[in-house]
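# Geometric and topological summary
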Amino acid sequence: MLRVAVVGSGPSGCYVAQSLVQQEREAYVDVLDRLPCPYGLVRYGVAPDHEKIKSLQNTLRAVLEHDRVRFLGGVEVGSRGVPAARLRELYHAVVYCVGAATDRRLGIPGEDLPGSWSATEFVSWYSAHPDAPELSAPPGRGGVPAGDGFLRHVRSAVVIGVGNVAVDVTRMLARGPAELSGTDMPQAALTALSAGRVADIRMVGRRGPSQARFTTKELRELGALPDTDVVVDPAELALDPAYADPTGLPGTQRRNVEVLRAWAEAPASGGARRIGLRFFLRPVALLAGAAGRVGAVRFERTAPDGHGGVTGTGRYEDVEAQLVLRSVGYRGVPLEGLPFDAAHGTVPHLAGRVLRAGAVAPGEYVAGWIKRGPTGVIGTNRPCAKETVTSLLADVPVLVSGRDVPADPLPLLRAAGIEPVGWAGWRAIERAEAELGASLGRSVVKLPDWESLLAAARTAAP
Ligand code: NAP
């Protein structure tokens, strides 16, 4: 028998578990998660209106319901829960699939002004993440509850960054109640977004249109939003040398440029909202406006440097915004007890095997964003998980020889004061969310806080 702990129940953790039980009939896998709910960013990152991508939960569910896979929610690994060293004693192998839990910083003046948020905070709020800043505003934000703080008195918003997360938050700001009420977003976010009157949203890239990170399908969705004009300045697009003739670009970039060109040439339809896509502007400061909240973003105009990067031109432009969402990528955080490459925000590894001081640490593995950084789509995690599992299975003789691990680590976790939320607890949360939705005249509505999630989980039969 091979006992493996997978830490993290997002796509990469689930794909690791799946690959393990498919390839090794003797493998028993516990999938641990800090949260009482599984699915990681599929539940707490994929935009609520992307129902098709969210339906991937059904595939991940089948993995977690496999006979030799067990979900143990509400279990934190690290100094505040089960130390990494203890986990190593309880299992033959541990695979860390903990993702990239925080956001990159801009490192510019004014970044922490009230009204400036990371896209991660905004996404967490409308996705009902129990750690989202609605319940207690982070220090330094004047104690403003985030639900109000995000959107109150906001007429213009700036989204910094041109990746798929930037497109997600831009789209969510522009959507109206008719489109949002059918989603599973929490009621408070639905109310705040429905009442919001953000008329102008600018999504701003520091490089050119041919270097934007969004994918074409996601970009096109902006053009399909009701009552919304997408505005692109052809002169700004033309600053990109690849704009005149995009035929040499890779497919996604070429299609992005074509979509942007069509928008630049289309007349505005006079919609109630405007999404402006701006390029070659790098943020240099957030400027305070009324009541000390953010009032504008100062950008420096950039120019291509001929090597895929940009240089500053010394010309500046202030863009009004009462809400700034910094969408400049995620960043991995160190997990106590594991080595960490701070420059890349990842755990050093060799084909998924954790490296300690440059040498393979048998029994410890990584997969997903903590292994390769926050890039790629959900499907990218499949081959990534497979590579890690191949390494792990090749190590099995070393992992099992002379090592006794408990037949079942659960009683030992309980003895240490850890009471995991099992699959029955998670199913009880799902039922509570369906009941909440029915009571509000909506379909499923997510529970947004720890108390209600844990209370729902406790209603499960033991
Ligand atoms: P991303 O794709 O890495 O995009 C980050 C953006 O921030 C880039 O435009 C980058 O510009 C910009 N940026 C970085 N540092 C900056 C700075 N200091 N000042 C100004 N701009 C800066 O990150 P993401 O949007 O967070 O997405 C993460 C991953 O999740 C991606 O692989 C994405 O495709 C995936 N995702 C997919 C979907 C979907 O498939 N629907 C949805 C959401 C996320 P530069 O290029 O110039 O560095």
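In what follows, the structure referred to is the one given above.
In this report, the structure presented in the accompanying data block is examined. Small disclaimer: the values here were computed from a predicted structure and weren't measured.

With 52 residues, the main nonpolar core has Trp-125, Tyr-126 and Leu-277 as its most contacted residues. When residues of this core are assigned to their parent elements, the largest contribution, six residues, is made by helix 8 (residues 164-174). Those residues in contact with Tyr-126, other than ones at most four positions away along the chain, are Ala-47, Pro-48, Asp-168, Val-169, Met-172, Met-185, Pro-186, Ala-189 and Leu-193. By size, the runner-up hydrophobic cluster in this structure holds 42 residues, among which are Cys-14, Leu-20, Val-31 and Val-389.

Running from N to C, helix 6 (residues 119-126) and helix 8 point in directions that differ by 50 degrees, and their axes come no closer than 10 Å. One way to sum up the angle between helix 6 and helix 8 is to call them oblique. Crossing handedness for the pair helix 6 and helix 8: left-handed. In this structure, helix 6 uses Ala-119, Phe-122, Val-123 and Tyr-126 to contact helix 8, whose residues at the interface are Val-165, Asp-168, Val-169, Met-172 and Leu-173.

Quick look at the site of the ligand now. Near the ligand you find 23 residues, and of these Val-162, Arg-206, Arg-207, Arg-213 and Gly-376 are the closest. At 3.0 Å, a side-chain N or O of Arg-213 approaches an oxygen atom of the ligand. At 2.8 Å from an oxygen atom of the ligand is found a main-chain nitrogen or oxygen belonging to Gly-376. Look at the ligand: alone it shows 920 Å² of surface, and the protein chains cover 85% of it. Tallying contributions element by element places helix 8 first for the shell around the ligand, with three residues. Residues of the shell around the ligand, tallied by class, amount to 10 nonpolar, seven polar and six charged. Mapped onto the domain boundaries, the shell around the ligand takes at least three residues apiece from domain 1 (2-101 + 332-420) and domain 2 (103-326).

The rules we used
- Numbering of residues begins from 1 in every chain and follows the order in which that chain's sequence is written.
- In keeping with the model being predicted, local features are shown solely for residues with a pLDDT of at least 70 and side-chain atom pairs are shown and tallied solely at 80 or more, while totals for entire chains, interfaces and linings include all residues.
- Based on all heavy atoms of the structure, the side-chain values leave hydrogens and waters out of the count.
- As used here, the term nonpolar core means buried Ala, Val, Leu, Ile, Met, Phe, Trp, Tyr and Cys residues forming a set that is joined through side-chain atoms within 4.5 Å.
- Relative accessibility thresholds used throughout: buried, under 20% of the residue-type maximum; exposed, over 50%; partly exposed, between the two (1.4 Å probe, protein chains only).
- Put simply, DSSP H or I for four residues or longer makes a helix, DSSP E for two residues or longer makes a strand, and each gets a number counted from the N terminus.
- The contact rule is simple, with two residues in contact once any of their heavy atoms fall within 4.5 Å.
- Lines fitted to C-alpha atoms define the axes, with helix axes restricted to the stretch in contact, and inter-axis angles between N-to-C directions lie between 0 and 180 degrees.
- For classification purposes, an angle smaller than 35 degrees is called roughly parallel, one larger than 145 roughly antiparallel, one from 65 to 115 roughly perpendicular, and anything else oblique.
- The crossing is said to be left-handed when, going from far helix to near helix, the turn is anticlockwise and less than a right angle, and right-handed when the turn is clockwise.
- Neighbouring residues are identified by heavy atoms, a residue being near a molecule or strand if any of them is within 4 Å of it.
- For this analysis, a polar contact is any N or O atom pair within 3.5 Å, provided that within protein one partner can donate a hydrogen and the other can accept it, and provided that sequence-adjacent residues contribute only side-chain to side-chain pairs.
- Surface accessibility in these figures is a Shrake-Rupley result with a 1.4 Å probe; residues are shielded only by whichever protein chains are displayed.
- In the scheme used here, Gly and all other residues not listed as nonpolar or charged are polar, with Ala, Val, Leu, Ile, Met, Phe, Trp, Tyr, Cys and Pro taken as nonpolar and Asp, Glu, Lys and Arg as charged.
- An automatic or database domain assignment provides the domain bounds reported here.

The values are spatial; any link to function lies outside them.
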